[in-house]
Amino acid sequence: MAKKYEGPAIGIDLGTTYSCVAIWQGQNNRAEIIPNEQGNRTTPSLVAFTDTQRLIGDAAKNQAATNPSNTVFDAKRLIGRKYSDSVVKDDVQLWPFQVISGTDDKPTIVVKYKGKEKRLVPEEISSMVLSKMKEIAGAFLVSPVKNAVITVPAYFNDSQRKATKDAGAIAGLDVMRIINEPTAAGLAYGLQKKSSFAGKRNVFIFDLGGGTFDVSILTIKDDNFKVMATAGDTHLGGEDFDSRMVDHFVKEFKRKHKKDISGNPRALRRLRSACEKAKRTLSFATDTTIEVDALFESTDLCSTITRTRFEELNIDLFKMCMETVERCLEDSKMDKSEIDDVVLVGGSSRIPKVQQLLQDFFNGKELCKGINPDEAVAYGAAVQAALLTEEGIKNVPNLVLMDVAPLSLGWALIRDEMSVVIPRNTTIPVKKTQRYATVKDNQSGVLIEVYEGERARASDNNLLGSFILSGLPLVPRGYPFNVCFAIDENGILTVSAEEKTSGSKNQTTITNKTNRLSAKEIKRLIQEAEIYEVDDMKFKNKVKAMNALDDYLYNMNKRMKDKCVSSKLPPMVQVDINSAIVKGQNLLDGGQKPETFVFVDLLRELKSIFEPAMAKIDNGWTHEDRDEDHGSTTGPAQSIATSTRRKLKEKLSWFNKSS
């Protein structure tokens, strides 16, 4: 029986451009999408670094145009890949932040944080986004969150899945399950529309997001959700459509103004933001205007783009989507007429031309738009998370979800032949063992190189890792041994080999060390994540203290401008208070940023002089008080005005020396 987790569990859609978090609400019998602190139900998957703080989500996106080289996005396109991959090299040319080759050819992002250079692996950036989702959920539930189901594109390979799980660990999450995005969306659709289903239903999930594209066919019958086939592209989505528009306007700007902005990161970031906004507008309008003031060298960009022109720029990419749709149907051995529902998921599925091509492919079938394309994946992840907890889901306690392996898995035989052990679209979890034999006399060991892919030549596929089965007896060729491939419910692969004839056993499991972080590295990154969290909290506390001081100074200043108040204050007290306001404002406006306690202490001192003075006004100043404040010795020896003024002067003197 599968382990049942204790406590709340969330579902996270870790997207390329936007992320979303949800939790199953048993009392409402549905999943709840959790809004962030801005009230938005999706959060930008951006992380920014400045001289004072780290920003995640909306705050990072809002300053991206002014800090492009230190604002990181699209980390999902890097995770689990090598720097030498052609897709990575293509992307690096488009990004304003620096990416270099790190240890074991791992892409490494270089930014400046608090004046120092920081080198970050993609797992760290993704972990920061995940920690933001964790924080959003924790604030909603008013309790810490530990358990999570995280979604990945169906066509993510083994190393990308493991890297995503590592990112979850760095964020302090117990990743219960990795689930494919279209499968999660199908789960959401099936549960939301379950009451209207009669018998078996074949559902086609079309998931076109910001950076990845997946399609899956699910057969839903009662509480059984079975994935029949899946296909996709981990490097195709809305970001690519944006890039085509950016390239178009870069050329237009150069043609009109004889100025090339292709080497200016700030201009390109501002232009990309404008293009992304225009793309969204073109989903419901036939044309839109792009205006960017002082885009480059004080020259404005003002241009119009039509929906038709946008479609022309991207038509080849749209057609690639349809080719993937066709391939998925072929793999499932279904005819398009057998599909009952075509469900749109992902923000880019709103593009009218994409919808038209998809509808034409399915012979005019009406597309299902009944679920929110931005939230469906997180909804399904929350359902899966609830199923793995002790509380479960009461209305579907026996729900069974069966996913598939997106790529064929095997190993390289002699002459570079790919021997497939687990064919693509095999239902998972699965474990398959095949028998092989040595090809040479007295062969003491066998090199087992594990690949994923559909090419007949092993080296044309993606190498996952290798190990040696050693200790074979020195006998003529043809000595038998077994190779076992096992995929768990997360889609993560384990390969082992053994020989049994002699009674000895030698087994090794692939760990994919070249593409994965080591346990030591993960531990180090978890510790660094905790440091970031402490730094973030310190910064929030400082901002809180500065805001409190600023508010108090504003109120002091406002009351001092009230003639009814100022006329009742002795001149020396007015001087002290006005001097305190100036000193406090100088502290807030100064270039130096003292520690939090400085702002807290000054606020306390301001209150110690201002509030007693206001209390005196309310109660009426006595003759002795006024004489005391004018320097007379006839008043009380320990007048509030005198003692508080002395304290404030001492404090302000300290500030002058320290600054």
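Above this text you will find the structure in question.
Since this is a predicted model, take the numbers as computed values, not measurements.

**Brief notes about the overall build of the chain**
So, point 1. A count of helices and strands for the chain gives 16 helices and 27 strands.
So, point 2. Within the span of the chain, comprising 659 residues, buried residues form 54% of the whole.
So, point 3. For the chain, long-range pairs separated by at least 24 residues make up 67% of all intrachain contacts whose partners lie at least 6 apart in sequence.
So, point 4. Accessible surface computed for the chain: about 30300 Å², of which carbon and sulfur atoms make up 48%.

**With respect to the pattern of salt bridges**
So, point 1. On inspection of all chains with the given rule, the structure shows 26 salt bridges.
So, point 2. Residue D240 pairs with R77 through a salt bridge whose shortest N-O separation is 2.6 Å. Here D240, found in helix α6 (residues 238-257), pairs with R77, found in the loop between β7 (71-72) and α2 (86-92); they are 163 residues apart in sequence, far enough to count as distant. The two residues D240 and R77 agree in class, both being buried.
So, point 3. For R457, the salt bridge goes to D460, with nearest N and O atoms at 4.0 Å.
So, point 4. The exposure class of R457 is partly exposed, given its relative accessible area of 49%.
So, point 5. Under the relative-accessibility criterion, D460 is labelled partly exposed at 35%.

**Regarding the packing of helix α5 (residues 181-192) against helix α10 (residues 376-387)**
So, point 1. The geometry of α5 relative to α10 is characterised by a closest axis approach of 7 Å and an angle of 80° between their N-to-C directions. With respect to α10, the element α5 is oriented roughly perpendicular. When α5 is examined against α10, the residues E181, A184, A185, L187, A188, L191 and Q192 are found in contact with a partner set consisting of A376, V377, Y379, G380, A381, V383 and Q384.
So, point 2. Of the residues in the contact of α5 with α10, the class split is 10 nonpolar, 3 polar and 1 charged.

**A look at helix α8 (residues 307-332)**
So, point 1. Of all the bends in α8, the largest measures some 65° and sits at N314.
So, point 2. K333 occupies a position one or two residues after α8 and carries a positive phi of about 60°.

**Overview of helix α7 (residues 265-281)**
So, point 1. Compared with an ideal rise of 1.5 Å per residue, which puts 17 residues at 24 Å, α7 spans 24 Å between its outermost C-alpha atoms and is within 8% of the ideal.
So, point 2. Contact partners of the buried residues in α7: β2 (18-25), α1 (58-62), α6, β16 (287-296), β17 (299-306) and α8.
So, point 3. Its side-chain oxygen placed 3.2 Å from the backbone nitrogen of R266, N264 serves as the N-cap of α7.

**Thoughts on the pairing of strand β19 (residues 400-404)**
As a general feature of sheets, a regular strand has side chains that alternate between the two faces.
So, point 1. Here strand β15 (residues 224-233) runs beside β19; their pairing, made up of 3 bridges, is parallel. Residue pairing for β19: N224 is matched across the bridge by V400.
So, point 2. Sheet analysis places β19 next to strand β22 (residues 427-428), joined by 2 bridges and oriented antiparallel. Across the sheet, V404 pairs through a bridge with T427, a residue of β22.

**Remarks on the environment of T164**
So, point 1. Counting through the fold element by element, T164 comes out in helix α4 (residues 158-170).
So, point 2. By relative accessible area, which is 2% here, T164 ends up buried.
So, point 3. Expressed as a C-alpha distance, the spacing of T164 and L130, which sit 34 residues apart in the sequence, is 10.0 Å.

**Here we look at the pairing of β16**
So, point 1. Here β16 pairs with β17 via 7 bridges, running antiparallel. Each residue of the ladder has a partner; that of D287, found in β17, is T306.
So, point 2. Here β16 folds back onto β17 in antiparallel fashion, the turn holding 2 residues, of which E297 has a positive phi close to 50°.

**Remarks on the sheet that holds strand β18 (residues 341-345)**
So, point 1. The 6 strands lie next to each other as β18-β13-β14-β15-β19-β22, forming an open sheet whose pairing is mixed. Every interior strand has two partners, whereas the edge strands, β18 and β22, have only one.
So, point 2. Packed onto the sheet, α5 meets β13 (201-208), β14 (213-221), β15, β18 and β19 and runs at close to 40° relative to β14.

**Overview of the sheet that holds strand β26 (residues 480-487)**
So, point 1. Taken together, 3 strands build an open sheet; the order of strands is β23-β26-β27 and the sheet is antiparallel. Each of the sheet's edge strands pairs with one partner strand only, and the pair in question is β23 (430-437) and β27 (493-498). On average, adjacent strands in this sheet sit at an angle of 15° to one another, irrespective of strand direction.
So, point 2. The pairing of β26 with β27 spans 6 bridges and is classified as antiparallel. Bridge pairing in β27 places A486 opposite T494.

Basis of the calculations
Per chain, residues are indexed from 1 in the order of the written sequence. For a predicted model such as this one, the threshold for reporting local features is a pLDDT of at least 70, and the threshold for listing and counting side-chain atom pairs is 80 or more; totals across whole chains, interfaces and linings nevertheless cover every residue. By convention in this description, side-chain values take in all heavy atoms of the structure and omit both hydrogens and water. For helices the rule is a DSSP run of H or I covering at least 4 residues; for strands it is a run of E covering at least 2, with both sets numbered from the N terminus onward. Burial classification: accessible surface area is computed with a 1.4 Å probe over protein chains only, and a residue below 20% of its type maximum counts as buried, one above 50% as exposed, and the rest as partly exposed. What makes two residues a contact is simply this: any of their non-hydrogen atoms within 4.5 Å. All accessible areas in this document rest on Shrake-Rupley with a 1.4 Å probe, and a residue is counted as covered only by the protein chains that are shown. Salt bridge, as used here: a side-chain nitrogen of Lys or Arg that lies within 4 Å of a carboxyl oxygen of Asp or Glu. Convention adopted: a line fitted to C-alpha atoms gives each axis, helices being fitted over their contacting stretch, and angles between N-to-C directions are expressed from 0 to 180 degrees. These descriptions rest on fixed angle ranges, namely under 35 degrees for roughly parallel, over 145 for roughly antiparallel, 65 to 115 for roughly perpendicular, and the rest for oblique. Throughout this entry, Asp, Glu, Lys and Arg are counted as charged residues, while Ala, Val, Leu, Ile, Met, Phe, Trp, Tyr, Cys and Pro are counted as nonpolar. The remaining residues, Gly among them, count as polar. Throughout, the bend at a residue refers to the angle made by two axes, fitted to the seven residues ending there and to the seven starting there. Here the expected length of a helix is defined as 1.5 Å per residue gap, with one fewer gap than residues. Identification of polar contacts relies on pairs of N or O atoms within 3.5 Å, with a donor-acceptor requirement for protein atoms, meaning one able to donate a hydrogen and the other able to accept it, and with residues adjacent in sequence counted only if both atoms are side-chain atoms. Think of it this way: DSSP has to see at least two bridges between two strands before they count as a pair.

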